[in-house]
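Secondary and tertiary structure notes
Next come the chains, spelled out residue by residue.
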Amino acid sequence: MSKSFQYECTTQSETGKLAVALAALAIPGDIILLNGPLGAGKTTFCQYFGTGLGVPETCYITSPTFSLLHEYPGRMPMYHLDLYRLANENEIEELGFPDYLYGNGVSLIEWPDRLGTLTPEEHLLIMITPTGDLSRNYSFCAIGNQWSMRIDLLKDQLKRAKTDTF
């Protein structure tokens, strides 16, 4: 089962509302794949998501490009993985990353194409396409039952968020 929709953010504030709304729906074991070109805003999205997850302000969320993985506390652990520097799924397995994919937190994975056959059957794929300096188009594709059931809730939250301030 899969469901998809697109959402346009024209400001950082709108991006923040989007990521916070998504974080409110996250449950332990969720896997969110973030795809987009360099500079698309994947790490920025993760920063806002962390805010929505309750990551303390003292834990500044940065790109794990060189360390490959950052773990943050919140209402559940947030695992932020950046697979850009990895060549293939064998390297991912050798590093033990599959353990995080099925852990007690939510995994946000940048450059998910590197997962190959390790890509979990249940996940939310977000394609981020820059459309201007601060504007982005977010294409959501819920794969499997877990996110497919929550995608309509996300749409409802986003409708309400358009009228709230961040």
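Refer to the structure presented above.
The rules behind the values
Residues numbered from 1 in each chain as written. Predicted model: local features only at pLDDT ≥ 70, side-chain atom pairs only at ≥ 80, totals over all residues. Heavy atoms only, no water. Helix = DSSP H or I, 4+ residues; strand = E, 2+ residues; numbered from the N terminus. Rg over C-alpha atoms; globule rule 2.2 N^0.38 Å. Buried < 20%, exposed > 50% of the residue type's maximum accessible area, 1.4 Å probe, protein only. Contact = heavy atoms within 4.5 Å. Areas by Shrake-Rupley, 256 points an atom, 1.4 Å probe, with all protein chains shown as cover. Lys, Arg positive; Asp, Glu negative; His and termini not counted. Charge placed at Lys NZ, Arg CZ, Asp CG, Glu CD. Salt bridge = Lys/Arg side-chain N within 4 Å of Asp/Glu carboxyl O. Core = buried A, V, L, I, M, F, W, Y, C linked by side-chain atoms within 4.5 Å. Pairing = 2+ DSSP bridges. Expected span 1.5 Å × (residues − 1). Polar contact = N/O pair within 3.5 Å; in protein donor to acceptor, adjacent residues only side chain to side chain.

What the protein contains, in helices and strands, is five helices and seven strands. Each helix (α) and strand (β) of the protein, taken in turn from the N terminus, gives the series β-α-β-α-β-β-α-α-β-β-β-α. Rg of the C-alpha trace for the protein: 15 Å, near the compact-globule value of 15 Å for 166 residues, within the 12% margin. The principal-axis extents of the C-alpha atoms in the protein amount to approximately 45 × 35 × 30 Å. Here the protein, with 166 residues, has 49% of them falling under the buried criterion. For the protein, restricting intrachain contacts to residue pairs at least 6 apart in sequence, the fraction spanning at least 24 positions comes to 66%. Carbon together with sulfur atoms contributes 53% to the accessible area of the protein, which is approximately 8,000 Å² in total. Across the protein, the mean location of the 12 positive side-chain charges is 9 Å away from that of the 19 negative side-chain charges.

It is worth spelling out the pattern of salt bridges at this point. This model, assessed by the stated rule, comprises four salt bridges. Note that Lys3 and Asp152 form a salt bridge whose closest N and O atoms lie 2.6 Å from each other. One end of the pair, Lys3, is in strand S1 (residues 2–9); the other, Asp152, is in helix H5 (residues 145–161), and 149 residues separate them in sequence. Since its relative accessible area comes to 31%, Lys3 is described here as partly exposed. Residue classification places Asp152 among the partly exposed positions, given a relative accessible area of 35%. Note that Arg150 is salt-bridged to Asp30, the shortest N-O span being 2.7 Å.

Take the nonpolar core next. Formed by 35 residues in total, the largest nonpolar core has its most connected members in Leu22, Ile32, Phe49, Met78, Ile126 and Phe140. Only S1, helix H1 (12–25), strand S2 (31–35), helix H2 (42–53), strand S5 (106–110), strand S6 (123–130), strand S7 (136–143) and H5 provide two or more residues apiece to this core. Among the elements that make up this core, the one with the highest residue count is H1 (six residues). Filtering out sequence-adjacent residues up to four positions away, Ile32 remains in contact with Leu22, Phe49, Val106, Ser107, Leu108, Ile109, Leu124, Ile126 and Trp147. Listed in part, the 15 residues of the second largest apolar core include Ile31, Leu68, Leu101 and Leu115.

Note that strand S3 (residues 69–72) and strand S4 (residues 78–82) share four bridges and pair antiparallel. Within the sheet, the bridge partner assigned to Glu71 lies in S4 and is Tyr79. Between S3 and S4, which pair antiparallel in sequence order, lie five residues.

This part is about the environment of Leu22. Its location among the elements puts Leu22 in helix H1. Leu22 sits in the buried class, given a relative accessible area of 0%. Apart from the residues within four sequence positions on either side, Leu22 is in contact with Ile32, Phe45, Phe49, Leu124, Ile126, Phe140, Trp147 and Leu154.

This paragraph deals with H1. Taking 1.5 Å of rise per residue, the 14 residues of H1 would be expected to cover 20 Å, and the 20 Å separating its terminal C-alpha atoms lies within 8% of that figure. In terms of residue burial, H1 counts as a mostly covered element, since ten of its 14 residues are buried. Within H1, the full set of buried residues consists of Glu14, Thr15, Gly16, Lys17, Leu18, Ala19, Ala21, Leu22, Ala23 and Leu25.

Right, let's get into the side chain of Ser139. Note on placement: Ser139 falls in strand S7. A polar contact is formed between the side chain of Ser139 and the side chain of Gln6, at a distance of 3.5 Å. Among all residues touching Ser139, those that are not within four sequence positions of it are Phe5, Gln6, Leu125, Ile126 and Met127.

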